[in-house]
Amino acid sequence: MKRWIVACIGCALAVAQTQAQELIHLTVTGAVAHPGSKVFTGAPRLADAVKAAQVHRDAYIAGAALMRSELLPAQTRVKAGLLFDLGIIERLSTSNEREPAGALAHRVRAQVDAMPITGRKIVHTLEPHALQSSAADNLPLKDNDGLFYPLRPGTVRVVGAVDHDCDLPHVGMRDVLGYLAQCPASRFADPDIAYVIEPDGVVSVRGIALWNRSPPIPVAPGAVLYVPFGHKATAGLSDPDFNRDMADFIATQPLGGAGVGP
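Every chain's residues receive numbers from 1 upward, in the order its sequence appears when written. Reporting in this predicted model follows two pLDDT cut-offs: at least 70 for local features of residues, and 80 or more for side-chain atom pairs to be given and counted; totals over whole chains, interfaces and linings ignore these cut-offs and use all residues. Only hydrogens and water are removed before side-chain values are computed, so all heavy atoms of the structure are retained for them.

Working definition: helices are DSSP H or I runs of at least four residues, strands are E runs of at least two. Numbering for both runs from the N terminus. By secondary structure assignment, the location of Gln 54 is in the loop between helix H2 (46-53) and strand E3 (65-67). Note on exposure labels: buried denotes an accessible area under 20% of the residue type's maximum, exposed denotes more than 50%, and partly exposed covers the range between, all computed with a 1.4 Å probe on protein chains only. What makes Gln 54 partly exposed here is its relative accessible area of 45%. Sequence separation between Gln 54 and Ala 31 is 23 residues; the distance between their C-alpha atoms is 8.9 Å. Here a residue-residue contact requires only that any non-hydrogen atoms of the pair lie within 4.5 Å. The residues contacting Gln 54, other than those within four sequence positions of it, are Val 32, Ala 33 and His 34.

Right, here's the structure in full:
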């Protein structure tokens, strides 16, 4: 009898532990009717979270973001690497000719340092109806996920190897060159390419020189244009992926994030 009671107690504890493990915690912020923390059981998916939050009609779906805690360590390492590389550029720029490169690296380093580690995951869509109709897009929720639905911004931001960051009014059908013309590049910028960070976090490279100029494509509201550091500034760095890492890290910042979001 005692063995049976002990066994039953053990079964009850196992069931309780299993149920606790199945709890999925989620935080929803931004343009939704029901923001805040939510708890799900079983096997919830993105559509379940969106339904519970009730996304506003005026939410800017193109800038919606999914944050996952499992991505925090990798993004932390990328940020640390960028801060290290920018510190090297600053320290190497000791001559009068390279002093402006050191000042540029110092300014950008402070901006990167202010950017939070978000855990943003790039997804195909977070549009509520699309999530309900597409099993491929309707990803399973994971514990401590975060969802953010911003309002539509009215600007495009230019950052990186520029004389100063620029918040420019969004103009329909204006392409990358149109915005870059309004934000003077540093003489230590790469003259051939620019990175476009879309509101959904997707990064692309655009040719901006005469020899490699990309076809004009309109820039979306809330996009960030990253002007990369050129060889004059990065000479001596051991990491050839510095500029790509910079663009990818900026892409982890949801609209309104520290230092980059319009």
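A separate point is the pairing of strand E6 (residues 155-160). A regular strand places its side chains on the two faces of the sheet in alternate fashion. Most of E6 is tucked away: 5 of the 6 residues are buried. One requirement defines pairing of two strands: DSSP has to find at least two bridges between them. Summarising the sheet, E6 and strand E7 (residues 166-169) pair through 4 bridges and their orientation is antiparallel. Its bridge partner lying in E7, Val 156 is registered against Leu 168. Counting the residues in the hairpin turn of E6 and E7 gives 5 residues. Of the pairings in the sheet, the one linking E6 to strand E10 (residues 224-227) comprises 4 bridges and is parallel in character. Bridge pairing links Arg 157 to Val 224 in E10.

A side-chain nitrogen of Lys or Arg and a carboxyl oxygen of Asp or Glu constitute a salt bridge if their distance falls within 4 Å. Per the stated rule, a full pass over the model turns up 6 salt bridges. A salt bridge links Asp 145 to Arg 68; the shortest N-O distance between them is 3.0 Å. Within this pair, whereas Asp 145 is found in strand E5 (residues 145-149), its partner Arg 68 is found in the loop between E3 and helix H3 (72-92), the two being separated by 77 residues in sequence. Residue Asp 145 is classed as buried on the basis of its relative accessible area, which comes to 2%.

Turning our attention to the nonpolar core. Within the largest apolar cluster, 45 residues are counted, with the highest numbers of intra-cluster contacts made by Val 112, Val 158, Leu 225, Tyr 226, Phe 229 and Phe 242. Elements supplying a minimum of two residues to this core: H3, helix H4 (99-114), E6, E7, helix H6 (176-180), strand E8 (193-197), E10 and helix H8 (242-250). Each residue touching Leu 225, except ones within four places of it in the same chain, is listed here: Val 156, Arg 157, Val 158, Val 159, Val 176, Tyr 179, Leu 180, Tyr 195, Val 196 and Val 219. The next biggest cluster of nonpolar side chains, apart from the first, holds 21 residues, and it includes Val 32, Ala 53, Leu 147 and Tyr 149. Remark: nonpolar core denotes a set of buried residues (Ala, Val, Leu, Ile, Met, Phe, Trp, Tyr, Cys) joined through side-chain atoms within 4.5 Å.

This part takes up the packing of H3 against H8. Axis definition: a line fitted to C-alpha atoms, limited for helices to the stretch in contact. Angles are taken between N-to-C directions and run from 0 to 180 degrees. Packing of H3 against H8 leaves a shortest axis separation of 10 Å and a crossing angle of 130°. Viewed along their axes, H3 and H8 adopt a mutual orientation that is oblique. Crossing angle aside, the handedness with which H3 passes H8 is left-handed. Facing Gln 75, Val 78, Lys 79, Leu 82, Asp 85, Leu 86 and Ile 89 of H3, the residues of H8 in contact are Phe 242, Asp 245, Met 246 and Phe 249. Every angle not falling under 35 degrees, over 145, or within 65 to 115 is termed oblique; those three ranges are roughly parallel, roughly antiparallel and roughly perpendicular. Here a crossing is called left-handed whenever its near helix is offset anticlockwise from the far helix by less than a right angle, and right-handed whenever the offset is clockwise.

Let's shift gears to the side chain of Asn 138. Take Asn 138: it is sitting in the loop between helix H5 (128-133) and E5. Non-local contacts of Asn 138, meaning those with residues more than four positions away in its chain, are made with Arg 45, Leu 46, Ala 47 and Leu 131.

Next up on the list: the environment of Leu 46. For Leu 46, the location among the structural elements is in helix H2. By relative accessible area, Leu 46 is classed as buried at 0%. Note: C-alpha distance between Leu 46 and Gln 132 (86 residues apart in sequence) is 8.7 Å. With sequence-adjacent residues up to four places away left out, Leu 46 is seen in contact with Leu 66, Leu 126, Leu 131, Asp 137, Asn 138, Leu 139, Leu 141 and Leu 147.

With that settled, consider the pairing of strand E1 (residues 24-30). Here 5 bridges tie E1 to strand E2 (residues 36-40), and the two strands are oriented antiparallel to one another. Bridged to Thr 27 within E2 is Ser 37. Between E1 and the antiparallel strand that follows it, E2, lie 5 residues. Pairing geometry for E1 and E5, over 5 bridges, is parallel. Bridge pairing links Thr 27 to Gly 146 in E5.

Bringing H4 into the picture now. Helix span is expected to be 1.5 Å times the residue number reduced by one. End to end, H4 covers 23 Å across 16 residues, agreeing with the expected 22 Å (1.5 Å per residue, within 8%). Taken residue by residue, H4 has Ala 101, Gly 102, Leu 104, Ala 105, Val 108, Gln 111 and Val 112 as its buried positions. The secondary structure elements touched by the buried residues of H4 are H3, E6, helix H7 (231-234) and H8.

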